[in-house]
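# An overview of the molecular structure
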Amino acid sequence: MTRLIIDTDPGIDDTFALVLACASPEVDLIGVTTVFGNVGLDRTTRNALRVLALCGREDVPVAAGADRPLVHPHAHRAGAVHGEDGLSGMADTLPERQTGLVGTDAVALMVRLLDSSPEPVTIVPIGPLTNVALLLAAHPSVRSKIERLVIMGGGLAGGNVTAAAEFNVWSDPEAARRVLVEEPVPTTLVPMDITTRCAVDLSWLDRLAASGPRGATLVRLTGTYRKHYQRTLGHEGMVIHDAVAVAEAIRPGLLRTSRMPVEVECGMGPARGATIADPREHRVRGEDAPREIDVAVDADLDEVRTFLLSGLTG
Ligand code: BDR
Ligand code: CA
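A short tour of the structure in this document, coming up. As the structure is a prediction and not an experimental result, all values here were calculated from the model.

What counts and how
Residues numbered from 1 in each chain as written. Chains lettered and ligands numbered in written order. Predicted model: local features only at pLDDT ≥ 70, side-chain atom pairs only at ≥ 80, totals over all residues. Heavy atoms only, no water. Donors = N, O, S within 2.8 Å, 3.2 Å for Na, K, Ca; no water. Helix = DSSP H or I, 4+ residues; strand = E, 2+ residues; numbered from the N terminus. Buried < 20%, exposed > 50% of the residue type's maximum accessible area, 1.4 Å probe, protein only. Near = heavy atom within 4 Å. Polar contact = N/O pair within 3.5 Å; in protein donor to acceptor, adjacent residues only side chain to side chain. Areas by Shrake-Rupley, 256 points an atom, 1.4 Å probe, with all protein chains shown as cover. Nonpolar A, V, L, I, M, F, W, Y, C, P; charged D, E, K, R; others polar. Core = buried A, V, L, I, M, F, W, Y, C linked by side-chain atoms within 4.5 Å. Contact = heavy atoms within 4.5 Å. Patch = residues over 30% accessible without salt bridge, like charges linked within 9 Å, V, L, I, M, F, W, Y side chains within 5 Å. Salt bridge = Lys/Arg side-chain N within 4 Å of Asp/Glu carboxyl O.

### Re the coordination of the calcium ion (ligand 2)
Taken together, the protein donors to the calcium ion (ligand 2) comprise D9 (OD), D14 (OD), D14 (OD), I126 (O) and D242 (OD), at separations of 2.3 to 2.6 Å. Here the donor residues of the calcium ion (ligand 2) are spaced in sequence according to D-x4-D-x111-I-x115-D. Taken as a pair, D14 in helix α1 (residues 12–23) and I126 in the loop between β4 (121–125) and α5 (130–138) lie far apart in primary sequence, 112 residues in all. An identical accessibility class is assigned to D14 and I126; each is buried.

What follows is the structure, encoded as structure tokens:
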């Protein structure tokens, strides 16, 4: 059983990721924390609560975290991709959760869950890394309680929000740098290069819609998102970035990884938010070398799609 905390900014693919975690018998979802990102914090929090209600999960504690990046303002949200409410204009069609937020913020909830967990916990950040950077900066003692961070973010060959930067890292590069470069916590980075290769097509979505009421609801939420991906992929289908990261957290090794250092560009120029991974065979190693993390670089793409579909319909 994998104990998971998901830090999220729902978002369509975040919604798929949350449902995957809720529906997987191998997962003990011990908490959900929210962050600004695809839309503002109020909406990401409301959406997270509604998605958990859709899954019948009144029991999972939810806390809201950062409403802006650490240092610089957030230039813009992703309403054009996910809809202004984060869920293609359909957020209010989801059930409302009876259980509200816990009485603490996201960082305090994560500290409490980690401190009280009998076993190390996997944290899956699938939004900007602000909450996780704050957690590790303010509470270094919890590092030992973290089994692994499985982070959706970054792009090795370029970005989606700018030519250089992927949305989650671009949204708070200083936080991302703290987590990816400075923190000695086991980390797997799931960048958009691999998540994009795992894109699902219309027949995958049709099978999900036909699987039952929850699958049909999920597919109904994808309107705005699919229009965006029709334009960027050039065909019908969509990329469920965040669910791919949760899939790797549930089944470690589903994605093939390679160990390498990753830097984050924090300058204010056109490369702001770029992730620069160093796959050189002959790079300097040893004590002075930068920290290395596991970067997901490949997978059996059909195996991932099958895992996602059976998890979401399970
Ligand atoms: C990431 O950005 C967000 O729009 C998605 O939810 C995902 O976490 C992909 O770049
Ligand atoms: Ca997200």
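The rest of the description comes next.
### Re the environment of M268
Residue position: M268 is located in the loop between β8 (262–264) and β9 (275–277). When the C-alpha atoms of M268 and V32 are compared, they prove to be 32 Å apart, with 236 residues separating the residues in sequence.

### Points about the site of ligand 1
Around ligand 1, the neighbouring residues are D13, D14, N38, H82, I126, M152, N160, E166, F167, N168, H241 and D242. Within the contact set of ligand 1, an oxygen atom lies 2.6 Å away from a side-chain nitrogen or oxygen of D13. A distance of 2.9 Å separates an oxygen atom of ligand 1 from a polar atom in the side chain of D14. For ligand 1, the accessible surface in isolation is 280 Å², of which the surrounding protein chains cover 95%. Of all the elements in the fold, those that place two or more residues in the shell around ligand 1 are α1, α6 (167–171) and α12 (241–250). Split into classes, the residues belonging to the shell around ligand 1 amount to three nonpolar, five polar and four charged.

### Comments concerning the nonpolar core
A general tendency of soluble globular proteins is for nonpolar side chains to be buried together. In terms of nonpolar packing, the biggest core is built from 67 residues, with I6, F16, L29, V124, W204, M238 and L308 touching the most fellow members. Considering each element in turn, this core owes the most residues, eight residues, to α1. Residues contacting M238, with those up to four places away along its chain left out, are I12, F16, A199, V200, L205, T222, Y225, R226, Y229 and L233. Within the second largest apolar cluster, 34 residues are counted, among which are L113, V121, V169 and L189.

### Considering helix α4 (residues 106–116)
Since the α-helix advances by 3.6 residues per turn, residues separated by three or four positions end up pointing in the same direction. Of all the positions in α4, only A106, V107, L109, M110, V111, L113 and L114 are classed as buried. The inward-facing, buried residues of α4 abut β1 (2–8), β2 (27–34), β3 (62–64), β4, α5 and β5 (146–152). For α4, the N-terminal cap is D105; the gap from its side-chain oxygen to the backbone nitrogen of V107 is 3.0 Å.

### Quick word on unusual backbone geometry
A cis amide bond, omega -5 degrees, links P10 with the succeeding residue G11. For G11, the location among the structural elements is in the loop between β1 and α1. The backbone phi angle of S88 is positive, close to 55 degrees, even though this residue is not glycine. Among the secondary structure elements, S88 is positioned in the loop between α3 (79–82) and α4.

### Some thoughts on a nonpolar patch on the surface
Together, L70, V71 and L134 give the surface a local cluster of nonpolar side chains, amounting to about 230 Å² of exposed area. With respect to the secondary-structure elements, L70 resides in the loop between β3 and α3. Classification of L70 by relative accessible area gives partly exposed; the value is 38%.

### Brief notes about α12
Among the 10 residues that make up α12, 10 are buried, leaving the element largely enclosed by the rest of the structure. Taken together, the buried positions of α12 are occupied by H241, D242, A243, V244, A245, V246, A247, E248, A249 and I250.

Keep in mind that these numbers describe shape and distance, not what the molecule does.
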